[in-house]
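# Summary of the model geometry
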Amino acid sequence: MEWRADGLLLSVRPHGEASAIINVLTRERGRHAGVVRGGQSRKRAPLLQPGAQLDVTWKARIEDHLGSFTFEPLRSRAAMLLEDRAALATLSAVCALAGACLPERAPMPDVYDRTVALCDALCTGQDWPARYALWEFALLGDLGFGLSLDQCAVTGARQGLPYVSPRTGRAVSAEGAGEWADRLLPLPGFLRGDDHASAQDVKDALRLTGHFLRQRVVPTLRSSGPIDARDGAERAIVRLLSN
């Protein structure tokens, strides 16, 4: 069994004395793991930083085996972000969440394209805080936990929906909220397709997506590491937008 693809490196962990097991996200093969022989060497280890784009070739005797990777580096992203703590923290969060949440070996081309585009935006500085919030919002849907924002859960209204129920994930109008408004989560318009996203909109969006990631996704994870990385990125983004 053998295939070759571009892959976004999500994680690296030691394997034995000299090798490493890497997780990559590919367009046609989804999230895929494999062994890199000599992956802990002085020559190869610096190339295997989460967020790097790699040209990988995977081989195995049979498809169900872990298999092994050989790779050629295409571009490093972490090294480009050493001077930008918020962007670097966000890159780490993207890799941690994708590595922990996406199903293994399930092709998700839209997720791959969206994730690579976000990682590239982090390096170019192209309005990435809002794009990251949209990425988290889309991830909830990709995992089957999408929010219902088309109409008010109480009145059925489709316009003027400033809130989301923290329990159901459904939109609520001002009329439907009534005296319960202070217990609901703000719904920034750009999550429903508005063009403009203010700094406060991004903060509200991250508060919203963070709530539902913790409520719906975290219980399915093996450790708190991915959500810890995600919360660190949110704090860094809030500081950046507050300056």
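Throughout what follows, the structure given in this document is the object of discussion.

Rules used in this analysis
- Per chain, residues are indexed from 1 in the order of the written sequence.
- Where local features are concerned, this predicted model is filtered to residues with pLDDT of at least 70; where side-chain atom pairs are given and counted, the filter is 80 or more; whole-chain, interface and lining totals use all residues.
- Side-chain measures were taken over the full set of non-hydrogen atoms in the model, leaving aside hydrogen atoms and water.
- Secondary structure follows DSSP: runs of H or I at least 4 residues long count as helices, runs of E at least 2 residues long count as strands, and numbering of each begins at the N terminus.
- Atoms considered for the radius of gyration are the C-alpha atoms alone. The globule rule reads 2.2 Å times the number of residues to the power 0.38.
- Note on exposure labels: buried denotes an accessible area under 20% of the residue type's maximum, exposed denotes more than 50%, and partly exposed covers the range between, all computed with a 1.4 Å probe on protein chains only.
- In this description, contact between two residues means that some pair of their heavy atoms is separated by no more than 4.5 Å.
- Surface accessibility in these figures is a Shrake-Rupley result with a 1.4 Å probe; residues are shielded only by whichever protein chains are displayed.
- Residues scored as charged are limited to Lys and Arg (positive) and Asp and Glu (negative), so that His and the chain ends carry no count.
- Charged groups are reduced to one reference atom each: NZ for lysine, CZ for arginine, CG for aspartic acid, CD for glutamic acid.
- Strands qualify as paired when DSSP identifies two bridges or more between them.
- N or O atoms closer than or at 3.5 Å make up a polar contact, with two conditions inside protein: a donor-capable atom paired with an acceptor-capable one, and, for residues adjacent in sequence, both atoms drawn from side chains.
- We define a salt bridge as a contact between a side-chain nitrogen of Lys or Arg and a carboxyl oxygen of Asp or Glu at a distance within 4 Å.
- The aromatic pairing rule takes the rings of Phe, Tyr and Trp, using the six-membered ring of Trp, and pairs them if the centres are within 6.5 Å, calling planes under 30 degrees apart stacked, those over 60 edge-to-face and the rest tilted.

So, on to the overall build of the chain. Along the chain, the regular secondary structure elements total six helices and eight strands. Helices and strands in the chain line up, N terminus first, as β-β-β-β-β-α-α-α-β-β-α-β-α-α. Taking 18 Å as the expected radius of gyration for a compact globule of 243 residues, we find that the chain reaches 20 Å, a close match to that expectation. Per-residue burial over the chain gives 45% buried out of 243 residues. Considering only residue pairs separated by 6 or more positions, the chain has 55% of its internal contacts joining residues 24 or more positions apart. With an accessible surface of roughly 12400 Å², the chain has 48% of that area assigned to carbon and sulfur atoms. Computed over 30 positive and 28 negative side-chain charges, the separation of the two mean positions in the chain equals 6 Å.

With that out of the way, let us pick up the sheet that holds strand β7 (residues 171-172). The strand order across the open sheet built from three strands is β7-β6-β8, with neighbouring strands paired in antiparallel fashion. Sheet topology places β7 and β8 (185-186) at the edges, where each strand pairs with a single neighbour. In the sheet, strand β6 (residues 163-164) pairs with β7 via two bridges, with the strands oriented antiparallel. Across the sheet, the residue bridging to V164 is A171, located in β7.

On to unusual backbone geometry. At R105, a residue that is not glycine, the phi angle is positive and equals roughly 60°. Assignment of secondary structure puts R105 in the loop between α1 (85-101) and α2 (109-124). R105 sits in the partly exposed class, given a relative accessible area of 29%.

Relative to the elements of secondary structure, R192 occurs in the loop between β8 and α5 (199-217). Those residues in contact with R192 that sit more than four places away from it in its chain are L149, D150, R158, L161 and L187. Side-chain polar atoms of R192 contact the backbone oxygen of R158, separated by 3.4 Å.

Okay, the pattern of salt bridges next. Opposite charge on two side chains permits them to pair, given that their charged atoms come into close proximity. Taken as a whole and judged by the stated rule, the model has 10 salt bridges. We note a salt bridge from D113 to R27, for which the minimum N-O separation is 2.8 Å. Residue D113 is found in helix α2, and its partner R27 is found in the loop between β2 (19-26) and β3 (30-36); the two are separated by 86 residues along the sequence. We classify D113 as partly exposed; its relative accessible area is 33%. A relative accessible area of 34% places R27 in the partly exposed class. The partner of R77 in a salt bridge is D120, and the shortest N-O contact between them spans 2.8 Å. A residue pair is termed long-range when its members are at least 10 positions apart, and R77 in the loop between β5 (68-75) and α1 and D120 in helix α2 qualify at 43 residues.

This brings us to the packing of aromatic side chains. The final tally for this structure, using the stated rule, is three aromatic pairs. With a centroid separation of 6.0 Å and 25° between ring planes, the pair formed by W3 and W58 is classed as stacked. With W3 in strand β1 (residues 2-15) and W58 in strand β4 (residues 53-59), this residue pair connects regions lying 55 residues apart in the sequence. W3 sits in the buried class, given a relative accessible area of 8%. On the accessibility criterion, W58 (2% relative accessible area) is buried. For the ring pair W3 and F69, a centre distance of 6.0 Å and an interplane angle of 80° mean the geometry is edge-to-face. Taken together, the residues W3 in strand β1 and F69 in strand β5 connect sequence positions 66 residues apart.

For S148, the position within the fold is in the loop between α3 (128-142) and β6. Look at S148 and you get partly exposed, because its relative accessible area is 34%. In sequence terms S148 and L208 are 60 residues apart; their C-alpha atoms lie 13 Å from each other. What S148 contacts, discounting residues up to four positions off in sequence, is G169, R170 and A171.

Remember, this is a structural readout, not a statement about activity or role.
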